[in-house]
Amino acid sequence: MKRGLFITLDGPEGSGKTTQAKALAVLLRKKGLPVVLTRDPGGSPIAEEIRGLLLDRRYKGLRPFAEMLLYETCRASLVAEIILPALQKGKMVICDRFSDATRVYQGMGGDVPDALIRQIDEIVCSDLKPDVTFILDVESREGLRRRLTQHRLLDRMEGKPLRFHEAVRRGYRGVVRQDPKRVRFIPALPMEKVKKKISEEMERVLQRHFGTTVRR
């Protein structure tokens with residue numbers, strides 16, 4: 001059985017990645033492909049519990065190094081219990097955020113050394129890397145405005161200062177430059193145009209992976 005594809009979507013707060021991850025899952029299922037849609041942090045029972053702590057506004061004093069360890073703990077569970085078994089069964093795994101987010105949020109935004117994050121992440125992920133990553137862009141103020149218009153309080157990460165979110169945005173652009181073969185950068189565009197760009201790129205990725213056009 002051919003190994004499945006591991007696809008991640010990432011980007012600053014309010015970039016629309018969660019919406020686009022769901023849309024991509026629908027697209028791949030229409031092609032007759034088995035899909036697992038998950039999120040990081042989260043996806044497994046223990047990871048969902050830790051996610052609640054990470055995003056809880058009561059824990060504003062949590063330091064970036066502690067954040068990084070908690071995110072990696074979530075990821076260890078997600079990879080072992082959800083992602084790797086699904087890929088081994090030939091399923092397409094779509095993950096809303098993954099390792100790039102830790103490098104950007106706790107590394108470039110929180111000053112945790114990148115080499116340390118990479119070292120821990122490689123152990124946690126058992127050398128698993130996404131086959132393709134879509135990084136969606138949005139101006140920091142606009143992204144936070146979108147979150148606020150959803151009529152809810154910002155969570156602990158969203159509620160960090162604007163300068164933090166601007167550093168995060170710069171960090172994602174850095175990831176694009178460092179790994180251009182894996183990462184596809186999607187600029188800030190209307191939702192339908194973003195969806196179209198992701199769909200077009202996924203068609204190319206699927207053709208390379210399967211060696212032929214996937215049935216629709």
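Undergrad: So what's going on with the sheet that holds strand 4 (residues 132-136)? Residues and values would help.
TA: Spatial strand order, 2-3-1-4-5: five strands in an open sheet with parallel pairing. Across the chains shown, the open sheet's two edge strands, defined by having one partner strand only, are strand 2 (35-39) and strand 5 (183-186). Neighbour-to-neighbour, the strand axes of the sheet open up by a mean angle of 20°, direction not taken into account. Of the strands in this sheet, strand 1 (6-10), strand 3 (92-96), strand 4 and strand 5 touch helix 8 (residues 191-210), which is tilted by about 170° from strand 4.

Undergrad: I'd like a rundown of the nonpolar core, residues and numbers included.
TA: Residues I7, L28, I94, F134, I198 and M202 are the most contacted members of the largest nonpolar core, which totals 20 residues. Secondary-structure elements contributing two or more residues to this core are strand 1, helix 1 (17-30), strand 3, strand 4 and helix 8. Per element, the largest residue contribution to this core is five residues, and it comes from helix 8. Excluding residues within four positions of it along the chain, M202 makes contact with I7, L24, L28, V132 and F134. By size, the runner-up hydrophobic cluster in this structure holds 17 residues, among which are I50, I135, F164 and V168.

Scoring rules and cut-offs
- Residue numbering note: each chain is counted from 1, following its sequence as written.
- Local features are withheld for residues below a pLDDT of 70 in this predicted model, meaning they are given only at 70 or higher, and side-chain atom pairs are given and counted only at 80 or more; totals for whole chains, interfaces and linings count all residues.
- Note that water and hydrogens are dropped before the side-chain values are worked out from all heavy atoms of the structure.
- In this description, strands pair whenever DSSP reports at least two bridges between them.
- The way it works is that DSSP assigns letters per residue, a run of H or I at least four long becomes a helix, a run of E at least two long becomes a strand, and they are numbered from the N terminus.
- Simply put, an axis is a line fit to the C-alpha atoms, just over the touching stretch for a helix, and the angle between two N-to-C directions goes from 0 to 180 degrees.
- Working rule for contacts: check all heavy atoms of both residues, and any pair within 4.5 Å makes them a contact.
- Nine residue types can take part in a nonpolar core, namely buried Ala, Val, Leu, Ile, Met, Phe, Trp, Tyr and Cys, and a core is a set of them joined through side-chain atoms within 4.5 Å.
- Residue burial is assigned from relative accessible area. The probe radius is 1.4 Å, only protein chains are included, and a residue is buried under 20% of its type maximum, exposed over 50%, and partly exposed in between.

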